[in-house]
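Single-letter residue listing:
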Amino acid sequence: MPALSQNALFGMGNPLLDICAVVDKDFLDKYGLKPNDQILAEEKHKELFEEIVRKFKVEYHAGGSTQNSVKIAQWMIQQPHKVSTFLGCIGTDKFGGILKKKAEEAHVDAYYYEQSEEPTGTCAACITDDNRSLVANLAAANCYKKEKHLDLEENWKLVEKAKVFYIAGFFLTVSPESILKVAKHASEHNKVFSLNLSAPFISQFFKEPMMKVMPYVDILFGNETEAATFAREQGFETEDIEEIAKKTQSLPKVNKKRQRIVVFTQGKDGTVVTSGNEVTISPVLDIDQSEIVDTNGAGDAFVGGFLSQLVYDRPLEECIRAGHYSANVIIRRAGCTFPEKPDFH
């Protein structure tokens, strides 16, 4: 197995502290939340963050979609430490301190842009049965500035060192110019740039920045709901997920040396993958319903597992298999947490 160099995997996104709790339907109804969704907090959700802590038993976990994925990739890789790099913005506060400590414990090389105007971002994960409704209050995460952080020589060096890039679509709401700069670098140097559709609202309300980045996307991730919304917004006129994957694959692309790969997960149903001109469906690992503790982070975990093999240049089937493995581990635990070592062979 070739030794990996540090900083081979580069992630950039919204670092958030997850506040997780099992809630009831009344709580969801009070704040107008769907059982299974991801949204950005609005004025009407301000109280939610205080009430969830007051009313339910909460757990705090280092979160944020991209940060979760690079952390899981690092866990799958184990050695050397700091293969995964992460950039994002936090506040100079207690929650920011927790995120720094958690990144260090996970052996992720995190370079945070720290500012004091906004507090560290949080995400309320409201769990009912095996659903989770996520409400993100970006706060500091929303303050990431390309010219104040990414453009600095010591940070841009990390981009130059990396060979695989991953950014969740959520970051399109914060700094599309940072994403484009990284995506163009990847394309010009024939490196792998991957993006996640992340949530239906991104395809709906951030269509313009998303489609500016799409020509540079070598691997696109998403789940079945996000894929359906993306297809509607793009006028694909089909609800068939395999057709959507094919049409997404054939959207315009800058780096012709790499054909785009599209990967759509479907919860307990098989994962849809385009490879060459074929669309295949890979079955997920079986799990008893009673063993599922928390599906929050399953998608992030899948991507993390996938990336952990991609940095080694392993075949697509291996990347998918690793994705299924790590998602299977994560859903048995609360929050995006994992045992000390993976058992993946």
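What you are looking at is a predicted structure, and each value in this text was computed from that prediction instead of being measured.

(A) Representation of helix α11 (residues 241-249) in the model. Among the residues of α11, those classed as buried are Ile 241, Ile 244, Ala 245, Thr 248 and Gln 249. The buried residues of α11 occupy an angular sector of 135° when the element is viewed end-on, so they sit on one face. The backbone nitrogen of Glu 242 has a side-chain oxygen 2.9 Å away, supplied by the residue at the start of α11, namely Asp 240.

(B) Representation of the packing of helix α12 (residues 298-310) against helix α13 (residues 316-330). At a closest axis distance of 7 Å, the pairing of α12 and α13 adopts a crossing angle of 140°. Crossing angle aside, the handedness with which α12 passes α13 is right-handed. On the side of α12, the interface is formed by Ala 298, Ala 301, Phe 302, Gly 305, Phe 306, Ser 308, Gln 309 and Leu 310, while α13 contributes Leu 316, Glu 318, Cys 319, Ile 320, Ala 322, Gly 323, His 324, Ser 326, Ala 327 and Ile 330. Partitioning the contact of α12 with α13 into residue classes produces 11 nonpolar, 6 polar and 1 charged.

(C) Just the nonpolar core, in detail. Among the nonpolar cores identified, the biggest contains 92 residues, and Phe 10, Phe 193 and Phe 306 are the most heavily contacted of them. Aside from chain neighbours lying at most four places away, what touches Phe 306 is Ile 219, Phe 221, Val 263, Leu 316, Cys 319, Ile 320, Ala 322 and Gly 323.

(D) Examining unusual backbone geometry more closely. At the junction of Gln 79 and Pro 80, the peptide bond is cis and its omega measures out at -10° in the coordinates. Its location among the elements puts Pro 80 in the loop between α3 (65-77) and β5 (84-91). A positive phi angle is found at Glu 237, which is not glycine, with a value near 55°. Relative to the elements of secondary structure, Glu 237 occurs in the loop between α10 (224-233) and α11.

(E) Main features of the packing of α3 against α13. Axis separation between α3 and α13 bottoms out at 11 Å; the angle between their running directions is 105°. Between α3 and α13, the crossing angle belongs to the class labelled roughly perpendicular. Across from Ile 72, Trp 75 and Met 76 in α3, the residues of α13 making contact are Ala 322, Tyr 325, Ser 326, Val 329 and Ile 330. Among the residues forming the contact of α3 with α13, the class breakdown is 7 nonpolar, 1 polar and no charged.

(F) Molecular detail of the side chain of Asp 109. Note on placement: Asp 109 falls in strand β6 (residues 109-115). Polar contacts involving the side chain of Asp 109 include one to the side chain of Asn 7, which spans 2.9 Å. When near neighbours in sequence (up to four residues on either side) are disregarded, Asp 109 contacts Asn 7, Lys 82, Ser 84, Thr 85 and Phe 86.

(G) Looking closely at the pairing of strand β14 (residues 278-282). For strand β13 (residues 269-275) and β14, the ladder comprises 5 bridges, and the chain directions are antiparallel. Residue pairing in the sheet places Val 272 in a bridge with Ile 281 of β14.

(H) Region of interest: the pattern of salt bridges. Inspection of the entire model under this criterion finds 16 salt bridges. Where Lys 82 meets Asp 109, a salt bridge forms, and the shortest distance between an N and an O atom there is 3.8 Å. One end of the pair, Lys 82, is in the loop between α3 and β5; the other, Asp 109, is in strand β6, and 27 residues separate them in sequence. A residue is classified by how much of its surface remains accessible, and Lys 82, at 35% relative accessible area, is partly exposed. For the salt bridge of Asp 218 with Lys 253, the shortest nitrogen-to-oxygen distance reads 2.7 Å. Residue Asp 218 is located in the loop between α9 (207-213) and β11 (219-223), and its partner Lys 253 is located in the loop between α11 and β12 (261-266); the two are separated by 35 residues in the primary sequence. The same class applies to Asp 218 and to Lys 253, which are both buried. Several salt bridges converge on common partners, so that one network encompasses Lys 30, Glu 51 and Lys 55.

So, how was this worked out
- Residues numbered from 1 in each chain as written.
- Predicted model: local features only at pLDDT ≥ 70, side-chain atom pairs only at ≥ 80, totals over all residues.
- Heavy atoms only, no water.
- Buried < 20%, exposed > 50% of the residue type's maximum accessible area, 1.4 Å probe, protein only.
- Helix = DSSP H or I, 4+ residues; strand = E, 2+ residues; numbered from the N terminus.
- Arc of directions from axis to C-beta.
- Polar contact = N/O pair within 3.5 Å; in protein donor to acceptor, adjacent residues only side chain to side chain.
- Axes fitted to C-alpha atoms, helices over the stretch in contact; angles between N-to-C directions.
- Left-handed = near helix turned anticlockwise from the far one by under 90°.
- Contact = heavy atoms within 4.5 Å.
- Nonpolar A, V, L, I, M, F, W, Y, C, P; charged D, E, K, R; others polar.
- Core = buried A, V, L, I, M, F, W, Y, C linked by side-chain atoms within 4.5 Å.
- Parallel < 35°, antiparallel > 145°, perpendicular 65-115°, else oblique.
- Pairing = 2+ DSSP bridges.
- Salt bridge = Lys/Arg side-chain N within 4 Å of Asp/Glu carboxyl O.

Fair warning: the whole summary comes from geometry, so function is off the table for now.
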